[in-house]
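Okay, here's what each chain looks like letter by letter:
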Amino acid sequence: MVLEDSPLLASTTHETIYDRFAPDQKRWIVFLVSFAGLLPTTFVPSIPQIAKDLDSTHAVVSLTVSLSILASAIGALVWAAYSSFYGRRWMYLWGMPFLCIGSCGVAMAASLKSLLFWRFVQTFGCSGGIPLGAGVVGDIYKLEERGTAIGVFFGATLGGFAVAPFLGGAAAQYWSWRNLHYSLAVWGLLELLLIYLWFPETSHPGTLGIDKLKRRRWIHITWVNPLSSLWLLRSPNLFAVMLASTLVLITDYVLLVPLAYTIGVRYGIVNEAIIGACFLPNGLGNFIGAPVAGRLSDIIVRRWRKHRKGVWFPEDRLRATWIGGLVMIPLSIGSSGLITTYVGGSVDFVFNPIGSYNVDVARSRSAETTAASAAIRSLILSAATAVVIPSIEHIGVAWTNIIAAVLAIIGQGLIFLTIHYGDRMRASVDVGFSTTENS
């Protein structure tokens, strides 16, 4: 039980468990999980070509995007929950075949129903990438190094989200959307091979559910409730930072979702590759901003811990969000003159410390915490993105961006409350928070 006034004193004994892997091996593991965390977001720019091939409309084919969000939320919960029982490695090995089979199914789809089904399978298979990756980083890096490592991981995966639409648009324009998804199947096979050959189990010895069984069969199948992860969000701390990160991410969606509608229509751009290229500055911002934000959050954790003479409070890491949440995001989305490059990087200055905080504050269930936050965030964002274009049509781009900036500031207010009242919030609802002895 975490008491409101319980000191989180420094402990060096527990930190030895993070020395199981050499520094070079840790970097290789982060590379592997970053590679596996690149979801197939190449789909959106190819929607017009798919609609033409399947004799459907853009709006109907766009349903696959909403279905992907649902599959991503469900899959993240499933893979994260089972990773706490069977381990991270097995979840990667089980997920990749879904990605490969689903990608081949999408490529061979001859009807809209077939496309929707196989797109769900495809997204479900790779949706564990981010929660599992965050859990892996929490497994192998100690508290004061964790932010930098998660920054590298988020930088690669979030940067990939922006590069993928360009690749998808180029493939749709100059190749074939079907061949594109065959290539994703090959990608999945490569990931599967890399994980099988060179990815070790990173969970701490004796902490997995299967390790605690007194008797187990050679093939032991156990039901794990994937929705149990959502119960972690009854914690005021975890719910507040989840909502804050969602409000901040809305700024990205407000700028990127209507690109074809705003920039495309204004400048007469119909080439899918060029529209996809408009996502690249945002990806560059993510690629650069996430590691910098992670490094900054580690520095802040060390300084505040030293200031308190060894006492650690998880909420210290959230102080790294100030520059992004109060300055960079509101100014860039509000002015939106230089738009994409700066918003991409500034979002990371909020998203990265929050992601690291989720791992810090509940390290033993870090994948589940990340998955629960991602699932609810996906549902909120799917609803928010549905109103972006109608909002632009009714009140214009400027006012839509200003509303997004205000929401980001409200999110930063939630982080402010969490920093100042985090100890009381943790004491009010204990979901198995970390202490220095097990962080």
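Right, let's walk through the structure included here. Bear in mind that the values here come from a model prediction, so they are computed numbers and not experimental data. (Residues numbered from 1 in each chain as written. Predicted model: local features only at pLDDT ≥ 70, side-chain atom pairs only at ≥ 80, totals over all residues. Heavy atoms only, no water.)

### Focus on the overall build of the protein chain
In plain terms, the rule: In this description a helix means any DSSP run of H or I spanning at least four residues, a strand means any run of E spanning at least two, and both kinds are numbered starting from the N terminus. Only protein chains enter the accessibility calculation, which uses a 1.4 Å probe; a residue is then buried when its area is under 20% of its type maximum, exposed when over 50%, and partly exposed in between. Here a residue-residue contact requires only that any non-hydrogen atoms of the pair lie within 4.5 Å. The method behind every accessible area is Shrake-Rupley, applied with a 1.4 Å probe, and residues are considered shielded solely by the protein chains displayed.
A count of helical and extended segments in the protein chain gives 17 helices and 0 strands. Per-residue burial over the protein chain gives 55% buried out of 439 residues. Within the protein chain, residue pairs in contact and separated by at least 24 positions form 85% of the contacts whose partners lie at least 6 positions apart. In the structure as shown, the protein chain presents an accessible area of about 18,900 Å², 69% of it carried by carbon and sulfur atoms.

### Details of the packing of helix α10 (residues 236-256) against helix α17 (residues 388-428)
The criterion, for reference: As a rule, the C-alpha atoms of each element are fitted with a line to give its axis, helices using only the stretch in contact, and angles between N-to-C directions run from 0 to 180 degrees. The cut-offs work like this: below 35 degrees is roughly parallel, past 145 is roughly antiparallel, 65 to 115 is roughly perpendicular, and the gaps in between are oblique. Helix crossings are classified by the rotation of the near helix relative to the far one: an anticlockwise turn of less than a right angle makes the crossing left-handed, while a clockwise turn makes it right-handed. Ten residues, namely Ala, Val, Leu, Ile, Met, Phe, Trp, Tyr, Cys and Pro, are considered nonpolar, four, namely Asp, Glu, Lys and Arg, are considered charged, and the remaining ones, Gly among them, are considered polar.
Look at α10 against α17: their axes get within 7 Å of each other, and the N-to-C directions meet at 160°. It follows from the interaxial angle that α10 and α17 lie roughly antiparallel. Crossing of α10 over α17 shows left-handed handedness. Class assignment of the residues belonging to the contact of α10 with α17 gives a composition of 18 nonpolar, 8 polar and 1 charged.

### Section: the nonpolar core
Just so we agree on the cut-off: As used in this record, nonpolar core signifies buried Ala, Val, Leu, Ile, Met, Phe, Trp, Tyr and Cys residues forming a set joined through side-chain atoms within 4.5 Å.
Ranked by size, the top nonpolar core spans 73 residues in total, and within it Y92, V137, F154, F199, L318, I354 and I415 carry the most contacts. The greatest single-element share of this core, amounting to 10 residues, is contributed by helix α4 (residues 63-86). The residues contacting I415, other than those within four sequence positions of it, are A244, L318, T321, V350 and I354. Membership of the second largest hydrophobic core comes to 6 residues, among which are I50, A109, L115 and W177.

### Observations concerning the environment of L326
If you trace the backbone, L326 turns up in helix α14 (residues 322-335). Leaving out residues up to four positions away in the same chain, L326 has contacts with T321 and Q412.

### Here we look at helix α7 (residues 129-140)
Rules: Helix span, as expected, comes to 1.5 Å for every residue beyond the first.
Over its 12 residues, α7 runs 17 Å from end to end, which matches the ideal 16 Å to within 8%, given 1.5 Å per residue. Counting buried residues along α7, 12 of its 12 residues qualify, which places the element largely inside the surrounding structure. For α7, the full list of buried residues reads G129, I130, P131, L132, G133, A134, G135, V136, V137, G138, D139 and I140.

### Concerning unusual backbone geometry
Trans peptide bonds make up most of the peptide bonds, and negative phi angles are found at most residues other than glycine. A positive phi is found at K309, a non-glycine position, where the angle reads about 60°. Relative to the elements of secondary structure, K309 occurs in the loop between α13 (280-307) and α14.

### What about the side chain of T418?
Stated precisely, the cut-off is as follows: N or O atoms closer than or at 3.5 Å make up a polar contact, with two conditions inside protein: a donor-capable atom paired with an acceptor-capable one, and, for residues adjacent in sequence, both atoms drawn from side chains.
The residue T418 is located in helix α17 in this model. Assessed through its relative accessible area of 0%, T418 is described here as buried. Within the structure, the side chain of T418 is placed 2.8 Å from the backbone oxygen of L414, a separation counted as a polar contact. Not counting residues within four places of it along the chain, the set of residues in contact with T418 comprises N237, A240, V241, E315, L318, Y357 and M425.

### Some words on the packing of helix α5 (residues 88-108) against helix α9 (residues 177-198)
It is at 8 Å that the axes of α5 and α9 come closest, and there the two elements cross at 165°. Between α5 and α9, the angle is such that the two are roughly antiparallel. Helix-helix and strand crossings are classified by hand; for α5 and α9 the assignment is left-handed. For the pair α5 and α9, contact is made by R89, Y92, L93, M96, P97, L99, C100, S103, C104, V106, A107 and M108 and by W177, R178, H181, Y182, L184, A185, G188, L189, E191, L192, I195 and Y196, respectively. Residues that form the contact of α5 with α9 fall into these classes: 18 nonpolar, 3 polar and 3 charged.

### Here's the deal with the state of the cysteines
Spelled out, the test is: For this text, the term disulfide refers to a pair of cysteine sulfurs within 2.5 Å.
Counting across every chain of the model gives 0 disulfides. C104 supplies the cysteine sulfur nearest to C100, a cysteine that is in no disulfide, at a spacing of 7.1 Å.

### So, the environment of Y141
By the element assignment, Y141 lies in the loop between α7 and α8 (143-174). Residues Y141 and D19, 122 residues apart in the sequence, show an inter-C-alpha distance of 8.6 Å. Residue contacts for Y141: discarding those within four places in its chain leaves Y18, K26, R27, V30, R146 and A149.

### Looking at the side chain of T369
Along the polypeptide, T369 turns up in helix α16 (residues 366-386). Accessibility expressed as a relative area gives 1% for T369, which makes it buried. The contacts of T369, once residues within four sequence positions are left out, are L232, L238, N358 and A362.

### Topic: the packing of aromatic side chains
Which entries qualify depends on this criterion: Classification of ring pairs rests on two measures: the distance between centres of Phe, Tyr or Trp rings, Trp counted by its six-membered ring, which must be within 6.5 Å, and the angle between planes, read as stacked under 30 degrees, edge-to-face over 60 and tilted in between.
For the coordinates displayed, the defined rule picks out 16 aromatic pairs. Taken together, a centroid distance of 4.9 Å and an interplanar angle of 70° make the contact between F85 and Y86 edge-to-face. With respect to class, F85 is no different from Y86; both count as buried. On the basis of an interplanar angle of 70° and a centroid distance of 5.4 Å, the ring pair of F98 and F124 is categorised as edge-to-face. Linking F98 in helix α5 with F124 in helix α6 (residues 112-126), this pair joins segments that are 26 residues apart in sequence.

### Brief notes about a nonpolar patch on the surface
In plain terms, the rule: The patches reported here contain residues having more than 30% relative accessible area and no salt bridge. Joining distances are 9 Å for like charges and 5 Å for nonpolar side chains (Val, Leu, Ile, Met, Phe, Trp, Tyr). Criterion for a salt bridge: a side-chain nitrogen of Lys or Arg within 4 Å of a carboxyl oxygen of Asp or Glu.
Taken together, the side chains of W28, F31, L190, L193, Y196, L197 and W198 make up a nonpolar region of the molecular surface, amounting to roughly 740 Å² of accessible area. Of all the elements in the fold, those that place two or more residues in the nonpolar patch are α1 (23-36) and α9. Within the secondary structure, L197 is located in helix α9.

### Structural notes on the environment of F120
Note on placement: F120 falls in helix α6. According to the relative accessible area criterion, F120 is partly exposed, its value standing at 25%. Setting aside its immediate chain neighbours within four residues, F120 contacts L67, A71 and I74.

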